Amino acid sequence: MNNLRLIIIGLLVPSILMIPYSILTFYTDFANKNPDPFQITVSFKNKSYDAVEGKKAFEQYQCMDCHAIVGNGGYFAPDLTNVYKRTAGNDALLANFMLLGVVSKGMPPMKDRGMNEEDSYRVVAFLKYANMLDTNGWPNSGSWDRDGSLDAASPEKLNPRNMWQAVTGILFFNLMIFAVIIAYEREKEAKV
Ligand code: HEC
C-alpha cells in the first residue's frame, strides 16, 4: 500500500465514521427540548399571561440588575432559573413575593417600582418558562439558596453508560495519529 493511500484511509475512515456519530450526539444531547414560550402561561383572574410578555416585564423591572437567569445577570441575589421549582410552582406565592419584596434582605418591593399584579404574574410566567429550559443539567447541584448554602438536590453523576462516546472518540483520534505516523515512518524507510 502506498503512503498516500494509507494517509487517506487513516483520515477518511474515522472522518466518515464520525458523521453518524456526530448526528447521534445532536439527538441525544443537543436537541432543542425547550418549550414554546408562547405556550407557557399562568392564569390570574381568568386571564392568562405567557412567558414572552413575562420576559418583557422581567426586563422592564430590571430583575437582572441583581438576579441571574442561567448564570447571566447580577450575582447580588439568587439565580432565578429554577426558582419556580423551589417555590413548588406556587404562582401566587411567587407573584406576591416580588410585589412585597424582602426589604431587610435587599429584595425591593416591586410594587414600589410600579409593578401591578398583572405584571407580577407575567414575570411568574417567564420564571415558569425559565425553569423548563433545557440547560443540559445546569446548575448541577442546584443554585445558591438565600442563606448561601446549596440546594438539597444532589449533583448529576457521570453516567458510565455514556463512556462509549469518550472511548470511541479516543480510538478514532488514535487511529488517525497512528496512520500519519506509520505513513511518515514508511516514507523515511523508502528514502533509505
Ligand atoms: C436591588 C436588587 C434586586 C432586584 C432589582 C430584584 N431582586 Fe429579587 N431578590 C434580591 C435579593 C437580595 C433577594 C434575596 C432575598 C433573601 O435573601 O430573602 C431576592 C430574592 C428574590 C426571590 C427569591 C429567590 C429565592 O431563591 O428564594 C425572587 C423570586 C425574586 N427575588 C424575584 C425578583 C424579580 C422577579 C425581580 C424583578 C421583578 C427582582 N427579584 C428584582 C434582590 C433584588
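Position labels on residues start from 1 in each chain and follow its written sequence. Owing to the predicted nature of the model, reporting of local features is limited to residues with pLDDT of at least 70; listing and counting of side-chain atom pairs is limited to 80 or more, with chain, interface and lining totals taken over all residues.

Participant: Give me the overall build of the protein: which residues, what numbers.
Facilitator: Under the DSSP-based scheme used, a helix requires at least four consecutive residues in state H or I and a strand at least two consecutive residues in state E, with every element numbered from the N terminus. Scanning the protein from terminus to terminus reveals six helices and four strands. Overall, the protein shows an N-to-C arrangement of helices and strands of α-β-β-α-β-β-α-α-α-α. Counting over 192 residues, the protein shows a buried share of 18%. In the protein, once contacts between residues fewer than 6 apart in sequence are set aside, the share between residues at least 24 apart is 61%. In this scheme every C-beta is placed from the backbone, and a residue whose C-beta has 20 or more other C-beta atoms within 10 Å is buried, one with 12 or fewer is exposed, and one in between is partly exposed. By definition, residues are in contact whenever their C-beta atoms, placed on the basis of the backbone, come within 7 Å of each other.

Participant: Explain the nonpolar core residue by residue, including any values.
Facilitator: The nonpolar side chains of soluble globular proteins are, as a tendency, buried together. The nonpolar core is taken to be a set of buried Ala, Val, Leu, Ile, Met, Phe, Trp, Tyr and Cys residues joined by way of C-beta atoms within 7 Å. V123, V124, A125, F126 and L127 are the most contacted members of the largest nonpolar core, which has 21 residues in total. Of all the secondary-structure elements, those providing two or more residues to this core are helix 2 (51-60), helix 4 (91-100) and helix 5 (117-132). Broken down by element, this core gets its largest block of residues, eight residues, from helix 5. Filtering out sequence-adjacent residues up to four positions away, V124 remains in contact with V42, D91, L94 and A95.

Participant: Could you give me a rundown of the site of the ligand, with the residues and numbers involved?
Facilitator: Contacts to the ligand come from 23 residues, most closely from C63, C66, A77, G106 and M107. Of all the elements in the fold, those that place two or more residues in the shell around the ligand are helix 3 (83-86) and helix 4. Broken down by element, the residue count for the shell around the ligand peaks at three residues, all from helix 4. All amino acids are sorted into three groups, where Ala, Val, Leu, Ile, Met, Phe, Trp, Tyr, Cys and Pro are nonpolar, Asp, Glu, Lys and Arg are charged, and the leftover types, Gly among them, are polar. When the residues that make up the shell around the ligand are grouped by side-chain class, the tally is 16 nonpolar, three polar and four charged. Nearness between a residue and a molecule or strand is assessed with a C-beta atom placed from the backbone; a distance within 6 Å qualifies.

Participant: Break down the environment of M115 for me, citing the residues and quoting the values.
Facilitator: Assignment of secondary structure puts M115 in the loop between helix 4 and helix 5. The partly exposed category is assigned to M115, around which 19 C-beta atoms lie within 10 Å. For the pair M115 and M98, spaced 17 residues apart in the sequence, the C-alpha separation amounts to 9.1 Å. Residues in contact with M115, not counting those within four places in the same chain, are Y61, L99, M110 and S120.

Participant: Before we move on, can you summarise the pairing of strand 2 (residues 47-50) with the specific residues and values?
Facilitator: The sheet contact formed by strand 1 (residues 41-44) and strand 2 spans four bridges and is antiparallel. Along strand 2, the bridge assignment pairs F44 with K47. A pair of strands is labelled paired if DSSP reports no fewer than 2 bridges between them. A loop of two residues connects strand 1 with strand 2, the two strands running antiparallel in sequence, and K45 in this loop sits at a positive phi of about 50 degrees.

Participant: Lay out helix 5 in plain terms, naming residues and giving numbers.
Facilitator: With 16 residues, helix 5 extends 23 Å between its outermost C-alpha atoms, agreeing within 8% with the 22 Å of an ideal straight helix rising 1.5 Å per residue. With twelve of its 16 residues buried, helix 5 lies for the most part within the structure. Within the span of helix 5, buried status applies to D119, S120, Y121, R122, V123, V124, A125, F126, L127, K128, Y129 and A130. On the buried face of helix 5, the contacting elements are strand 1, strand 2, helix 2, strand 3 (68-69), helix 3 and helix 4. Expected helix span is given by 1.5 Å per residue-to-residue step, counting one fewer step than there are residues.

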